[in-house]
Amino acid sequence: MAVRSNSSLYFGFCLSSIVLLLSSSHARAQASTFKYCDQNAEYDVKVKGVAILPDPVVRGEPFTFKIAAHTGEPIPSGDLVYQITYAGIESEPATFHHDLCEEAPCPVPAGNFMLTHTELLPTVTPPGTYNVNLTFKDQNGKQLTCIVFPFKIGAESSVSAI
């Protein structure tokens, strides 16, 4: 009898561990593919990766873009312009202007750094795939990098209908 209860306890422990592992890996940021706007350009800021948390994005809840990058020279200040379009639909993009110092500690030293942008979508945002065009300019208006990456908005909303 003791063997049976120990094996049941062991099975329950293993099952709990697997569920915890799966739920924690789902909560982590998913790496998103990106491409440079001009594949032939020699940008001063090299993007190493883009992560989106959560992925897919949930309407009515905050989500975050984390963009890992590298610069050879310090960047005292600058501007980030995010243009967001619904994938496959020709229309005017939603454009958001942000100061670099809102999304990274300024001045950005030479080396690796992280841009972190958090946004809240209205609950009425249509689900689907969107594209983000991010243009990064320094304080003098010189373009430092430009990337395009997709993100998905899930069909579920954090606000339920009554």
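Check the entry above for the structure.
Report on the accompanying structure.

Each value, and the rule that gives it
Residues numbered from 1 in each chain as written. Predicted model: local features only at pLDDT ≥ 70, side-chain atom pairs only at ≥ 80, totals over all residues. Heavy atoms only, no water. Helix = DSSP H or I, 4+ residues; strand = E, 2+ residues; numbered from the N terminus. Buried < 20%, exposed > 50% of the residue type's maximum accessible area, 1.4 Å probe, protein only. Contact = heavy atoms within 4.5 Å. Polar contact = N/O pair within 3.5 Å; in protein donor to acceptor, adjacent residues only side chain to side chain. Pairing = 2+ DSSP bridges. Phe/Tyr/Trp six-rings, centres within 6.5 Å; stacked < 30°, edge-to-face > 60°.

**Details of the environment of Tyr-86**
Next, step 1: With respect to the helices and strands, Tyr-86 occurs in strand 6 (residues 78-86).
Next, step 2: Overall, the relative accessible area of 29% leaves Tyr-86 in the partly exposed class.
Next, step 3: Sequence separation between Tyr-86 and Lys-152 is 66 residues; the distance between their C-alpha atoms is 9.8 Å.
Next, step 4: Tyr-86 has contacts with Pro-126, Pro-127, Gly-128, Thr-129 and Tyr-130, leaving out every residue within four places of it along the chain.
Next, step 5: One polar contact links the side chain of Tyr-86 to the main-chain carbonyl oxygen of Pro-127, over a distance of 2.7 Å.

**Describing unusual backbone geometry**
Next, step 1: Put simply, Leu-53 and Pro-54 share a cis peptide bond, and its omega is -5 degrees.
Next, step 2: Put simply, Cys-106 and Pro-107 share a cis peptide bond, and its omega is -5 degrees.
Next, step 3: Structurally, the position occupied by Pro-107 is in the loop between helix 2 (100-103) and strand 8 (111-120).

**Re the pairing of strand 6**
Within a regular strand, side chains alternate between the sheet's two faces.
Next, step 1: Bridging between strand 6 and strand 9 (residues 128-138) involves nine bridges; their strand directions are antiparallel. The residue bridging Tyr-86 from the neighbouring strand is Tyr-130, located in strand 9.
Next, step 2: In this structure, strand 6 lies alongside strand 7 (residues 94-99), joined through six bridges in antiparallel fashion. For Gln-83, the partnering residue across the bridge sits in strand 7 and is Thr-95.

**Details of the packing of aromatic side chains**
Next, step 1: Applying the stated criterion across every chain, the model contains nine aromatic pairs.
Next, step 2: Their ring planes at 75 degrees and their centres at 5.2 Å tell us that Phe-63 and Phe-65 sit as a pair that is edge-to-face. For the pair Phe-63 and Phe-65, one class covers both residues: buried.
Next, step 3: A ring pair is formed by Phe-65 and Tyr-82, whose centres lie 6.3 Å apart and whose planes are at 25 degrees; its orientation type is stacked. Linking Phe-65 in strand 5 (residues 62-71) with Tyr-82 in strand 6, this pair joins segments that are 17 residues apart in sequence. Comparing Phe-65 with Tyr-82, the two get one shared label, buried.
Next, step 4: Three or more aromatic residues link up through ring pairs in this structure, and these residues are Phe-63, Phe-65, Tyr-82, Tyr-86, Tyr-130, Phe-149 and Phe-151.

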